[in-house]
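Listed below, chain by chain, are the residues.
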Amino acid sequence: MDAFQQFLKTFFDWKAMGEVIPQMLTVGLPNTLILAIISGVLGCILGLILAVMGISRNGVARWIARVYTDILRGLPAILVILVIGIGLGPSFRMLTGSTSPFPLGILALTLMAGAYIGEIFRSGIQSVHTGQLEAARALGFSYGSAMFLVVIPQGIRRVLPALVNQLISLIKDSSLIYVLGLLASQREIFRIGNDAMSNSGNLSPLVAAGVLYLILTIPLTHLVNFIDNRLRIGKPAKKEPDDVAAAVGKGV
Amino acid sequence: MTVLTSGTLTGKNLHLSFGHNHVLRGIDLHVPQGTTASVIGPSGSGKSTLLRVMNRLIEPDQGDILLDGRSVLQDNPDELRRRIGMVFQQFNLFPHKTVVENVSLALHKLRRMPKDQARAEALEQLDLVGLRHKAEARPADLSGGQMQRVAIARALAMKPEVMFFDEATSALDPELVKGVLALMADLAQSGMTMVVVTHEMGFCRNVSDTVTFMDAGVVVETGSPDQLFTAPETDRLKRFLSDVL
Ligand SMILES: Nc1ncnc2c1ncn2[C@@H]1O[C@H](COP(=O)(O)OP(=O)(O)OP(=O)(O)O)[C@@H](O)[C@H]1O
Ligand SMILES: [Mg+2]
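Everything numeric in this text was worked out from a predicted model, so none of it was measured. (Residues numbered from 1 in each chain as written. Chains lettered and ligands numbered in written order. Predicted model: local features only at pLDDT ≥ 70, side-chain atom pairs only at ≥ 80, totals over all residues. Heavy atoms only, no water.)

(A) Representation of unusual backbone geometry. Residue and element names in this part refer to chain B. A positive phi is found at asparagine 13, a non-glycine position, where the angle reads about 50°. In this fold, asparagine 13 is placed in strand β1 (residues 9–18). In this model, alanine 216 sits at a positive phi of 50°, which is unusual for a non-glycine residue. Relative to the elements of secondary structure, alanine 216 occurs in the loop between β9 (210–215) and β10 (218–223). (Helix = DSSP H or I, 4+ residues; strand = E, 2+ residues; numbered from the N terminus.)

Structure below.
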């Protein structure tokens, strides 16, 4: 067998791939999506809380948000997942009777995503012109209502691309919870590929896993570009001449 | 258009500092109900700050604010601001909402009107400024003059007793200024109590009942437009008028 044949056999063994793909789609894909989407949604909630604390007029709230963010952004994901998954595992089992590593895995992913998303939201909210807050407050809205009805929705809109990037990261990082030990039915895409590789000694299942990740992430990357362009260029402006006559003619 | 028959606004000895910058140094401003007070003065003299202090967007360090003779400093500032409409130089429309939503938002959320009723009311306000046909547009799709008229409709929808205008036409292209000034003049005519910070000396002279000239955080002169424009007493006002006229 020549070198090229060897290469194909190692990475593109269709038979080895074919055997693993059904499991990847029926077990791995749903599990990966569950991990990424739940921790993405919870991370957004946590991130919003951190962002609001980060811009609050209360120094203690700002300090807590700052310290939290610095710590959780500064640690390797695998370390956080291990420490939380294994450290809190026994207490969690005693409290709930559940042995699933998912809740603690999701907790760890959420805590990290929240730190990143909090910074994303904060920068978005701070980029909204202060005139918006002022106009809302001039109408009689409280600071809180003005923030939630007027400022935060605009801030979030501006950082949608960064938010989608964060979801892409979560899809990839969800693979790390394999370190907590997964039952067969709990395995996500990477772990299924990895197990099949160990069994067969062939890398093709991992290549299949990689392709599946790309099928998830590449469209999201393009969605980011699309949103980005849309936000930057916006819909084509169609300004019209001012119809002064209408206003003056009607009177007030 | 019906205008509430209340809204005599008085600022007494108002002081405000930003850090070491003493911006308002004891301002008195009296605006009887149904009259229009213009405030003029050089850039940085504290005109915008005065408006923000009078509706308590910024709390004064010292002094009092009276509405219909009663001090409002003990009231909830959010409720005070519902009684005073404000229009900004940069319009500050909410870009993520449609024109009609800009106008109905406060009616729905603050006046607690059902959504349909708030919308109907907002459409009526838009009609009064001649922009009902733009109800579903986004602010970004309007001209500056149209945006400012929507901003005026948004403030009027709350049925304020007093209206503040902070250089409402300064950001507009010259050909759009007239429409907005005409709308403000109509409003003054209809009996609204108004405080108008402006560089439009024509409006000052023809529409306002009193003119107040501020410089460096103090009121230098105040009186009828005729008094200030034809017989300015101070050198500072004379210099200012010769610069702007
Ligand atoms: N939020 C703020 N923080 C600190 N300083 C401020 C703030 N707003 C205004 N100032 C300062 O207060 C002074 C008066 O500003 P203000 O905007 O009231 O002047 P103005 O008369 O409205 O001027 P213009 O005609 O340029 O609008 C200026 O020195 C300005 O730098
Ligand atoms: Mg100003």
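(B) The arrangement of the sheet that holds strand β2 (residues 21–31) of chain B in detail. Residues and elements named next belong to chain B. The strand order across the open sheet built from four strands is β2-β1-β4-β5, with neighbouring strands paired in antiparallel fashion. In the strand order of this sheet, the two ends are held by β2 and β5 (70–71), each with one partner. Where β1 meets strand β4 (residues 62–67), five bridges bridge the pair, whose relative direction is antiparallel. Bridging from a neighbouring strand, glycine 11 pairs with isoleucine 65 of β4. With respect to the sheet, helix α1 (residues 47–54) is in contact with β1, β2 and β4, its orientation differing from that of β1 by roughly 115°. (Pairing = 2+ DSSP bridges. Contact = heavy atoms within 4.5 Å. Axes fitted to C-alpha atoms, helices over the stretch in contact; angles between N-to-C directions.)

(C) Examining the sheet that holds strand β7 (residues 162–166) of chain B more closely. Residues and elements named next belong to chain B. Spatial strand order, β6-β7-β8-β3-β9-β10: six strands in an open sheet with mixed pairing. Strand pairing shows two members of the sheet lacking a second neighbour, β6 (84–87) and β10, which therefore form its edges. In this sheet, neighbouring strand axes are inclined to one another by 15° on average, regardless of whether the strands run parallel or antiparallel. Sheet topology places strand β3 (residues 36–40) next to strand β8 (residues 193–197); four bridges connect them, and they run parallel. Along β8, the bridge assignment pairs threonine 36 with methionine 194. Contacts from α1 reach β3, β6, β7, β8 and β9 within the one sheet, and its direction differs from that of β7 by about 155°. In the packing of helix α6 (residues 174–189) onto the sheet, contacts are made with β3, β7 and β8, and the angle to β8 comes to roughly 145°.

(D) Spatial organisation of the site of ligand 1. Residue and element names in this part refer to chain B. Neighbouring ligand 1 are the residues Phe18, Asn21, Val23, Pro42, Ser43, Gly44, Ser45, Gly46, Lys47, Ser48, Thr49 and Glu167. With respect to ligand 1, the side chain of threonine 49 contributes an N or O atom lying 2.5 Å from an oxygen atom. Within the contact set of ligand 1, an oxygen atom lies 3.1 Å away from a side-chain nitrogen or oxygen of glutamate 167. The set of elements that each furnish at least two residues to the shell around ligand 1 consists of β2 and α1. (Near = heavy atom within 4 Å. Polar contact = N/O pair within 3.5 Å; in protein donor to acceptor, adjacent residues only side chain to side chain.)

(E) Quick peek at the interface of chain A and chain B. Facing 29 residues of chain A, the contacting portion of chain B comprises 44 residues. Approximately 3100 Å² of surface area, both sides summed, lies buried where chain A meets chain B, with 58% of it carried by carbon and sulfur atoms. Between chain A and chain B we count two salt bridges in total. Of the charged contacts, one joins arginine 52 of chain B and glutamate 134 of chain A as a salt bridge, the two residues approaching to 2.5 Å between their closest N and O atoms. Connecting chain A to chain B are eight residue pairs in polar contact (both at pLDDT 80 or more). When residues of the side of chain A that touches chain B are traced back to their parent elements, those giving at least two are α7 (130–139), α8 (143–158) and α12 (244–250) of chain A. When residues of the side of chain A that touches chain B are assigned to their parent elements, the largest contribution, eight residues, is made by α7 of chain A. (Buried area = accessible area lost by both parts, 1.4 Å probe. Salt bridge = Lys/Arg side-chain N within 4 Å of Asp/Glu carboxyl O.)

(F) Representation of the packing of helix α2 (residues 14–54) of chain A against helix α10 (residues 189–200) of chain A within the structure. Residues and elements named next belong to chain A. Direction vectors running N to C along α2 and α10 enclose 150°, while the axes themselves pass 7 Å from each other. Touching Val20, Gln23, Met24, Val27, Gly28, Leu29 and Thr32 of α2 are Ile189, Ile192, Gly193 and Ala196, all from α10. Across the contact of α2 with α10, the residue classes break down as seven nonpolar, four polar and no charged. (Nonpolar A, V, L, I, M, F, W, Y, C, P; charged D, E, K, R; others polar.)

(G) Main features of the side chain of asparagine 92 of chain B. Inspection of the secondary structure assignment puts asparagine 92 of chain B in the loop between β6 and α3 (99–109). Of note is the side chain of asparagine 92 of chain B, whose polar atom sits 3.2 Å from the backbone oxygen of glycine 131 of chain A. With near-sequence residues (within four places) excluded, asparagine 92 of chain B lies in contact with Gly131, Gln132 and Ala135 of chain A together with Arg154 of chain B.

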